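If you want the building blocks of each chain, they are given just below.
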Amino acid sequence: MEFPSRRLDPRMLRVWYASSLALIAGTVVVGAAATLAVRWFEGPLLIPLIITAALVVIELADMAISPRVEYATWRFDVTPTEVDLYHGVFVKKRVIVPLVRVQHVETKQGPFLKANGLAAVRISTAGESFEIPGLEADDANTLRDRVAELARLAKEDV
C-alpha cells in the first residue's frame with residue numbers, strides 16, 4: 001500500500017508547540033485558581049497542587065512526543081477522484097474521501113496558524129468533515145479551490 005506523498009508545512013510544528021504551551025498555561029491558571037479556592041475554604045492545599053503538577057507533566061510529555069510524530073506521519077494527496085489523508089500519533093488513520101461526496105471546502109486560520117502564515121483546509125461531506133491542518137496560506141487557498149473544482153467536475157460526471 002502506497003501512502004500519500006504531500007506533507008504539511010514544517011511551521012505546523014511551531015503551531016502545535018504553541019497550542020501545547022497555551023494548554024499548559026491554562027492548566028497552571030486553573031490550578032492556581034483551584035489552589036486559591038481551596039485555601040479560601042481552608043482545605044488541603046496539596047490536592048490541587050498535585051493534580052496541577054500531574055497534568056502539567058502529562059501535557060509536557062505529550063508536547064515532547066506528539067507534534068514530531070504527528071508531523072512525521074501526516075500525509076495527503078488530491079487526485080481527480082479523491083482526497084487521501086493519512087495521519088495519527090498513537091492510532092494511525094487513513095481516510096479516502098471521494099470527491100463526488102464533497103459538499104463544501106473551506107480554509108480557516110486561527111491565531112496560531114495566522115501568526116505562522118499557515119491555514120487549514122476543511123473538506124466536508126454529508127456525514128463528516130476532514131481537515132488538512134497546516135499548509136502555507138496561499139497553498140491552502142489553491143488546494144481549497146482545486147478540491148472544489150474537482151468535486152464539481154466529479155458530480156457532473158455522475
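Each value, and the rule that gives it
- Residues numbered from 1 in each chain as written.
- Predicted model: local features only at pLDDT ≥ 70, side-chain atom pairs only at ≥ 80, totals over all residues.
- Heavy atoms only, no water.
- Pairing = 2+ DSSP bridges.
- Helix = DSSP H or I, 4+ residues; strand = E, 2+ residues; numbered from the N terminus.
- Axes fitted to C-alpha atoms, helices over the stretch in contact; angles between N-to-C directions.
- Contact = heavy atoms within 4.5 Å.
- Patch = residues over 30% accessible without salt bridge, like charges linked within 9 Å, V, L, I, M, F, W, Y side chains within 5 Å.
- Areas by Shrake-Rupley, 256 points an atom, 1.4 Å probe, with all protein chains shown as cover.
- Salt bridge = Lys/Arg side-chain N within 4 Å of Asp/Glu carboxyl O.
- Buried < 20%, exposed > 50% of the residue type's maximum accessible area, 1.4 Å probe, protein only.
- Polar contact = N/O pair within 3.5 Å; in protein donor to acceptor, adjacent residues only side chain to side chain.

So, the sheet that holds strand S1 (residues 75-78)
Consideration 1: Read across the sheet, three strands follow the order S1-S2-S3 without closing on themselves; strand pairing throughout is antiparallel. Here the strands that pair on one side only, and so sit at the sheet edges, are S1 and strand S3 (93-98). On average, adjacent strands in this sheet sit at an angle of 5° to one another, irrespective of strand direction.
Consideration 2: Across six bridges, strand S2 (residues 82-87) lies against S3 in antiparallel orientation. The partner of aspartate 84 across the bridge, within S3, is isoleucine 96.
Consideration 3: Against the sheet, helix H4 (residues 137-157) touches S1 and S2, its axis set at about 50° to S1.

Quick word on unusual backbone geometry
Consideration 1: One non-glycine residue, glutamate 42, adopts positive backbone phi at about 55°.
Consideration 2: With respect to the element layout, glutamate 42 can be found in the loop between helix H1 (12-40) and helix H2 (46-73).

Points about a nonpolar patch on the surface
Consideration 1: Among the surface-exposed residues, Ile47, Ile51, Leu55 and Ile58 lie close enough to one another that they form a single nonpolar patch of about 380 Å² accessible area.
Consideration 2: Summarising the element assignment, isoleucine 58 is placed in helix H2.
Consideration 3: Taking the relative accessible area as the measure of exposure, isoleucine 58 reaches 56% and is therefore exposed.

Concerning the environment of leucine 8
Consideration 1: Structurally, leucine 8 is set in the segment before H1.
Consideration 2: Taking the C-alpha atoms as reference, leucine 8 lies 15 Å from phenylalanine 130; in sequence the two are 122 residues apart.
Consideration 3: Setting aside residues no more than four positions away along its own chain, leucine 8 makes contact with Trp16, Tyr71, Trp74, Phe76, Ile132, Pro133, Gly134 and Leu135.

Section: the environment of glutamine 103
Consideration 1: Relative to the helices and strands, glutamine 103 resides in the loop between S3 and strand S4 (104-108).
Consideration 2: Exposure remark for glutamine 103: the relative accessible area of 54% places this residue in the exposed category.
Consideration 3: Residues glutamine 103 and glycine 127, spaced 24 residues apart in sequence, show a C-alpha to C-alpha distance of 9.8 Å.
Consideration 4: Non-local contacts of glutamine 103, meaning those with residues more than four positions away in its chain, are made with Ser124, Thr125, Ala126 and Lys155.

A few points about the environment of glutamine 109
Consideration 1: By secondary structure assignment, the location of glutamine 109 is in the loop between S4 and helix H3 (111-115).
Consideration 2: Here glutamine 109 falls in the partly exposed class, since its relative accessible area comes to 39%.
Consideration 3: Separated by 25 residues in the primary sequence, glutamine 109 and glycine 134 have C-alpha atoms spaced 9.5 Å apart.
Consideration 4: In this structure, glutamine 109 is in contact with Lys114, Leu118, Ala119 and Ala137, ignoring residues within four places of it in sequence.
Consideration 5: Polar side-chain contacts of glutamine 109 include one of 2.8 Å to the backbone oxygen of leucine 118.

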